[in-house]
Amino acid sequence: MADTAGSRPSYDPQDPFAPTAVRSMLQIPSPAEAGLRMGPIEKIYLIWLAGGSCDGCTVAVVAATQPPVEKLIAGLVPGLPRVELIHPGVALEAGAAFTENLAMAERGELDAPYLIVWEGSVFENDSSGEGAFYRLGQDRDGRTTSSTEWLSRLAPNAAAVVAIGSCAAWGGIPAAQGNVTGSIGVMDFLERDYRSALGVPVVNIPGCSPVGDNFMETAAGVLLFLQGMGPLPEFDELGRPVWIFGETVHRRCPRGGYYEEGIFAEAYGEKECLVELGCWGPVVQCNISERGMVNGIGGCMNIGGICIGCTMPGFPDKFAPFYAVPPGTLVSATTSRVFGGFTRRMREVTQQDKNITGRWEGKDKPSGWARFQSRPTKSAKLVHKLYRAYQNTKIGN
Amino acid sequence: MSTTPQALSDPSDASASQKPRGGVIDLDPMTRVGGALGVRVTTDGTRITDAHAAGNFFRGYETLALKRDLRDVMPIVSRACGWCGGAHMTTASLALEMAFEMRPPPMAIGMRTIAQATEAIWVHAAHLAVRAAPDYCASVVAKTTPRLWAKARVAKAPGASIHGYGTIADLMEGMTPLTGRYWTETLPAGRRVQEMISMFYGKFPHPSVAAPGTVAATLSWATFTEYFTRLVASVDYVKQVCALWDDLIAFLYEADERFLTLGQRPASFIHAGCWDDVRSAYTYEGLDENGRARLAPPGVMIDGNIETRNLSEVHAHITEHVDHSFYDIEVEGGHDRRGDSLPDGHPWTQRNIARPAQRDEQGAYSWCAAPRWGGHVVESTPLGRLWLTATRDDFPTNDFIEATGSSIRILVPMNFQPETIVEWKIPERVNALERLRADAYGIAFAGLCAAITLLKGFELMRTGEMEQSIPLDIPEDETMGVGLWETGRGFNAHWLRGDAGRVTNYQIISASTLNASPRDADGRPGPMEEALIDSPIIEESSGDELTGIDAMRVIHSFDPCMNCANH
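The model shown is predicted, which means the values in this text are computed figures rather than measured ones.

Analysis parameters
- Residues numbered from 1 in each chain as written.
- Chains lettered and ligands numbered in written order.
- Predicted model: local features only at pLDDT ≥ 70, side-chain atom pairs only at ≥ 80, totals over all residues.
- Heavy atoms only, no water.
- Helix = DSSP H or I, 4+ residues; strand = E, 2+ residues; numbered from the N terminus.
- Rg over C-alpha atoms; globule rule 2.2 N^0.38 Å.
- Areas by Shrake-Rupley, 256 points an atom, 1.4 Å probe, with all protein chains shown as cover.
- Lys, Arg positive; Asp, Glu negative; His and termini not counted.
- Charge placed at Lys NZ, Arg CZ, Asp CG, Glu CD.
- Contact = heavy atoms within 4.5 Å.
- Buried area = accessible area lost by both parts, 1.4 Å probe.
- Salt bridge = Lys/Arg side-chain N within 4 Å of Asp/Glu carboxyl O.
- Polar contact = N/O pair within 3.5 Å; in protein donor to acceptor, adjacent residues only side chain to side chain.
- Nonpolar A, V, L, I, M, F, W, Y, C, P; charged D, E, K, R; others polar.
- Pairing = 2+ DSSP bridges.
- Axes fitted to C-alpha atoms, helices over the stretch in contact; angles between N-to-C directions.
- Disulfide = S-S within 2.5 Å.
- Buried < 20%, exposed > 50% of the residue type's maximum accessible area, 1.4 Å probe, protein only.
- Domains from an automatic or database assignment.
- 1 Å grid on protein atoms, 1.4 Å probe; cavity = no way out; pocket = protein on both sides within 12 Å on 5 of 7 lines; lining within 4 Å.
- Points joined across faces, edges and corners; volume = space filled by probe spheres on them.
- Arc of directions from axis to C-beta.

**Quick word on the overall build of chain B**
Piece 1. Across its full length, chain B holds 19 helices and 19 strands.
Piece 2. A compact globule built from 567 residues would reach a C-alpha radius of gyration of about 24 Å, and chain B, at 23 Å, matches this within 12%.
Piece 3. Projecting the C-alpha coordinates of chain B onto the three principal axes gives extents of approximately 70 × 55 × 35 Å.
Piece 4. By element, 50% of the accessible surface of chain B is carried by carbon and sulfur atoms, the whole surface being about 17200 Å².
Piece 5. Computed over 51 positive and 72 negative side-chain charges, the separation of the two mean positions in chain B equals 4 Å.

This is the structure we're talking about:
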């Protein structure tokens with residue numbers, strides 16, 4: 001960008017409507033904040049831009065607690081730099097003063113490095129001047145700029161580009177069948193050879209919306225690494241954090257045990273495994289079944305929802321129709337019915353024995369709650385005896 | 001926010017030459033809104049003389065829904081908005097229930113009402129603290145209206161014992177974005193509400209447990225009790241927010257009476273109503289009956305007169321115009337579910353085709369379409385919802401909420417602070433500050449509507465009515481459905497046409513489509529534009545630079561969400 005210093009608007013750093021970046025330069029860390037500083041980076045700008053977004057990723061990040069966003073922007077998380085947030089959803093300034101933040105980043109005038117977090121799909125051809133699918137202010141010459149154009153202008157010098165949510169990572173719903181906006185993902189747009197100023201390819205935190213803490217934790221991990229404290233976080237071949245997306249939903253699912261024993265929910269609301277209602281958990285890479293959605297609460301199958309594959313590049317079209325049973329289930333669920341069914345019955349026999357104290361052997365249980373007394377059958381007793389005899393051979397072994 | 005001097009056609013116009021601050025204020029991009037919005041206002045220095053609100057982005061959700069399995073519209077179109085995805089999913093569910101002629105079991109309806117009222121709490125609370133309050137924060141007031149700031153510093157806050165801010169200036173300090181007490185306290189409080197939504201809808205944003213006619217959350221005693229403890233933990237926040245906004249608004253009216261006309265427009269509202277009774281059935285023939293049983297009622301008010309409270313009439317007279325929007329219209333069919341004819345421009349009779357172009361205020365300038373009701377310009381905000389509620393005589397009997405005809409009395413239970421009755425009164429005028437006050441009281445209203453339904457949920461559990469789902473029977477032939485519901489912000493509707501199990505047309509109109517709409521076919525401005533035009537400039541800044549704060553306050557009072565609006 002050819003810019004002459006004289007044509008730049010001047011802003012008063014005391015003016016609440018001045019660009020966030022201008023106001024930030026005056027800000028002196030509070031004593032509490034300074035005391036928590038543990039690495040070379042004191043401050044980092046987080047420039048949040050959007051394309052074909054719904055704000056859902058923003059809402060999800062607000063819900064994060066590891067760490068919570070209000071502590072991060074106050075610089076009150078030990079070891080982490082203060083995060084100066086430039087986000088259209090919270091900025092006090094509007095209009096040209098807001099886009100001036102972006103122009104300052106492009107001109108290299110920020111007093112700290114900047115990260116780009118991109119939410120929503122990228123409208124690939126959105127700089128054509130024919131009318132944009134996402135207009136984001138104007139350039140100094142009065143030409144309308146699109147958010148896509150700002151991504152191409154800011155990505156080369158960004159410390160890192162993080163694509164939050166499945167739309168940003170892969171294209172998501174706007175890029176699905178019926179895509180009229182030329183929607184694609186950030187990696188598709190910046191292409192394979194893209195490296196940030198720190199040499200990092202695009203980092204992807206997929207999900208629709210993602211779990212807020214998945215983003216926060218990854219961002220905090222990267223920042224701790226840059227501070228010389230944490231290890232380098234590991235990413236897979238699609239730029240996903242490995243510790244988050246390395247396993248399937250099903251492996252960590254609270255209903256996984258039902259699958260193992262071949263018990264399946266037949267209607268919504270039932271507590272068993274959901275694969276026969278259309279759950280794609282066994283093949284989808286996501287941790288929501290372990291982490292929950294907000295502060296450990298919620299989560300799809302944790303509560304009762306089928307997995308529709310929202311973290312995956314194939315979402316949504318390769319998982320639709322969502323309410324039909326995934327074809328692979330026919331084989332795997334039948335197998336688990338046969339073998340799991342047998343295992344479950346054996347476990348029930350053992351469990352019956354373990355529900356009896358030594359004192360109660362051969363007698364009624366002393367519980368007033370028991371409406372009728374069930375005693376092991378003769379064959380069950382024999383099984384219990386053999387089972388315990390075998391168990392006892394392990395003593396000292 | 002650059003200000004360019006206005007070209008004066010008549011240099012001898014003395015009154016104009018005395019107002020050097022006039023000109024165009026370009027709030028593009030407008031910040032602290034959902035999605036992308038750009039607003040351009042023209043002022044003569046004392047008031048706003050013209051305004052254009054432009055929806056600045058588009059993703060094509062109506063097209064993305066086409067040709068899909070009918071059931072799949074729920075998870076697809078709900079993703080149009082991350083603030084109120086649950087409301088869009090519920091609205092889509094209603095459209096399908098009508099199309100499939102399904103009747104969800106009482107427990108499913110109850111869970112839906114609880115989750116949805118809770119989502120409204122979140123939308124109100126987040127809007128007030130994160131988007132609206134910064135317009136009244138200390139640094140902004142001190143910079144734009146030094147005289148007002150001087151008064152604020154000595155003005156005692158009458159509700160100090162409730163919200164803890166000694167003076168109005170303290171309260172304004174609390175409203176500072178990112179660091180103020182109100183801002184930083186709302187985030188954890190909001191997180192608790194997000195947990196509450198997640199308990200019933202699995203995930204927030206974008207719920208994962210709904211299917212047509214069904215809420216799939218596996219219920220146990222723990223679900224209701226965990227929800228209940230969080231609801232109780234939230235009641236003090238509700239008392240504080242009502243007191244805080246009451247104090248601020250009373251101070252502003254007293255300190256400068258121009259706040260009375262800031263963002264004023266006629267009392268013309270449209271609401272579809274929401275939060276169903278557990279025993280209700282949603283059918284096209286029974287829309288009126290269904291609407292009457294809703295905790296937040298449907299209705300249309302024009303200039304303060306209630307035109308109808310029948311949901312069928314609210315629906316029948318809606319039309320959508322695209323004369324100043326980036327769309328072409330394709331007409332398709334002209335009749336409703338019964339075969340009766342619908343007015344030209346009714347969403348069931350047409351589809352919008354995207355036609356990107358440069359912004360041109362004489363021609364197309366927005367990705368937002370312009371819906372009208374019976375030709376009237378109508379807004380849909382929490383203010384309209386409370387107004388229609390206060391004046392109804394059939395509010396269901398309950399332990400917490402009373403509609404008196406001129407007010408709503410809401411009993412907010414005890415927690416650390418004592419049991420309090422908060423009373424929202426019908427205001428004398430519809431303006432920016434009354435919209436915000438309704439948002440604050442809207443938290444109490446939504447919260448206690450959730451409590452009313454939670455008690456019904458306990459009752460269903462006691463009597464063993466635990467069914468949450470019904471089997472799906474998808475019609476093979478042509479089918480139609482409309483979901484009429486509300487987000488926290490107001491009206492939300494989805495129109496569906498299907499054939500052979502697939503979607504053939506899908507149309508969405510939400511509160512912000514109405515509120516942020518551009519000019520219509522007759523050139524009449526949308527509600528937000530209308531509220532801006534003639535609104536006073538209260539800013540005292542010296543020199544010839546205006547920050548546009550007065551316009552921002554008007555815009556934020558509508559809580560515009562362009563994700564919903566443009567889809």
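We are not done yet, so read on.
**Topic: the interface of chain A and chain B**
Piece 1. Listed per partner, the contact involves 80 residues of chain A and 85 residues of chain B.
Piece 2. On the chain A side of the interface with chain B, the three residues burying the most area are A:Phe17, A:Arg135 and A:Tyr323, jointly 13% of the side's total.
Piece 3. At the surface where chain A touches chain B, the tally comes to three salt bridges.
Piece 4. A salt bridge links B:Arg191 to A:Glu70; the nearest nitrogen and oxygen atoms lie 2.9 Å apart.
Piece 5. Summed over the shared surface of chain A and chain B, the result is 34 residue pairs in polar contact (both at pLDDT 80 or more).
Piece 6. Of all the secondary structure elements, the ones that give two or more residues to the side of chain A that touches chain B are helix H3 (56-62), helix H4 (69-73), helix H5 (96-106), strand E5 (135-138) and helix H13 (300-303) of chain A.
Piece 7. Split into classes, the residues belonging to the side of chain A that touches chain B amount to 46 nonpolar, 24 polar and 10 charged.

**Some words on the sheet that holds strand E16 (residues 420-425) of chain B**
Backbone hydrogen bonds are what pair the strands of a sheet, in a parallel or an antiparallel way.
All names here are of chain B.
Piece 1. One open sheet holds the three strands; their spatial order is E14-E15-E16, and the pairing between them is antiparallel. The sheet terminates laterally at strand E14 (401-403) and E16, the two strands that pair on one side only. Each neighbouring strand pair of the sheet contributes to a mean axis angle of 15°, computed without reference to strand direction.
Piece 2. Bridge count for E14 against strand E15 (residues 407-412) is three bridges, and the pairing is antiparallel.

**Quick notes on the state of the cysteines**
All names here are of chain B.
Piece 1. By the definition in use, this model includes zero disulfides over all chains.
Piece 2. Here Cys564 is not disulfide-linked; the sulfur of Cys84 is the nearest cysteine sulfur, at 3.3 Å.
Piece 3. Classification of Cys564 as buried rests on a relative accessible area of 2%.

**Quick notes on the sheet that holds strand E17 (residues 479-486) of chain B**
Residue and element names in this part refer to chain B.
Piece 1. Strand order in the open sheet formed by three strands is E17-E18-E19, and the pairing between neighbours is antiparallel. The outermost strands of the open sheet, each flanked by one partner alone, are E17 and strand E19 (502-510). Each neighbouring strand pair of the sheet contributes to a mean axis angle of 10°, computed without reference to strand direction.
Piece 2. Of the pairings in the sheet, the one linking E17 to strand E18 (residues 491-499) comprises eight bridges and is antiparallel in character. When the sheet's bridge partners are listed, Gly481 is paired in E18 with Leu496.

**Regarding the domain arrangement of chain A**
Residues and elements named next belong to chain A.
Piece 1. Segmenting chain A into domains produces domain 1 (20-244), domain 2 (247-354) and domain 3 (361-397).
Piece 2. Between domain 1 and domain 2, the C-alpha centre-to-centre distance is 34 Å.
Piece 3. Contacts between domain 1 and domain 2 engage 23 residues on the former and 17 residues on the latter.
Piece 4. Across the domain 1 to domain 2 interface the summed buried area is about 1500 Å²; carbon plus sulfur atoms make up 52%.
Piece 5. Here Arg291 makes a salt bridge to Glu217, at a shortest N to O gap of 2.5 Å.
Piece 6. Residue assignment for the side of domain 1 that touches domain 2 shows that the elements contributing at least two residues are helix H7 (165-170), helix H9 (212-226) and helix H10 (242-245).
Piece 7. By residue number, the principal contributor to the side of domain 1 that touches domain 2 is H9, which donates three residues.
Piece 8. Of the residues that constitute the side of domain 1 that touches domain 2, the class distribution is 12 nonpolar, seven polar and four charged.

**Here we look at the layout of surface pockets**
Piece 1. The calculated volume of the second largest pocket comes to roughly 650 Å³.
Piece 2. Residue lining of the second largest pocket: 28 residues in total, with A:Arg23, A:Gln27, B:Thr176, B:Pro177 and B:Thr179 positioned closest to the centre.
Piece 3. Those elements that place two or more of their residues in the lining of the second largest pocket are helix H1 (20-24) and strand E2 (82-86) of chain A together with helix H6 (138-144) of chain B.
Piece 4. Here the element with the most residues in the lining of the second largest pocket is E2(A); it accounts for four residues.
Piece 5. Looking at the lining of the second largest pocket residue by residue, the classes come out as 15 nonpolar, eight polar and five charged.

**Let's talk about helix H7 (residues 146-154) of chain B**
Residues and elements named next belong to chain B.
Piece 1. Those residues of H7 that sit buried are Leu148, Trp149 and Ala152. Mapping the buried residues of H7 onto a view down its axis gives an arc of 100°, with all of them on the same face. Exposed residues pointing more than 90 degrees away from the buried face of H7 are listed as Arg147, Arg153 and Val154.
Piece 2. In this structure, the buried side of H7 is in contact with H6, helix H9 (168-174) and helix H11 (221-255).

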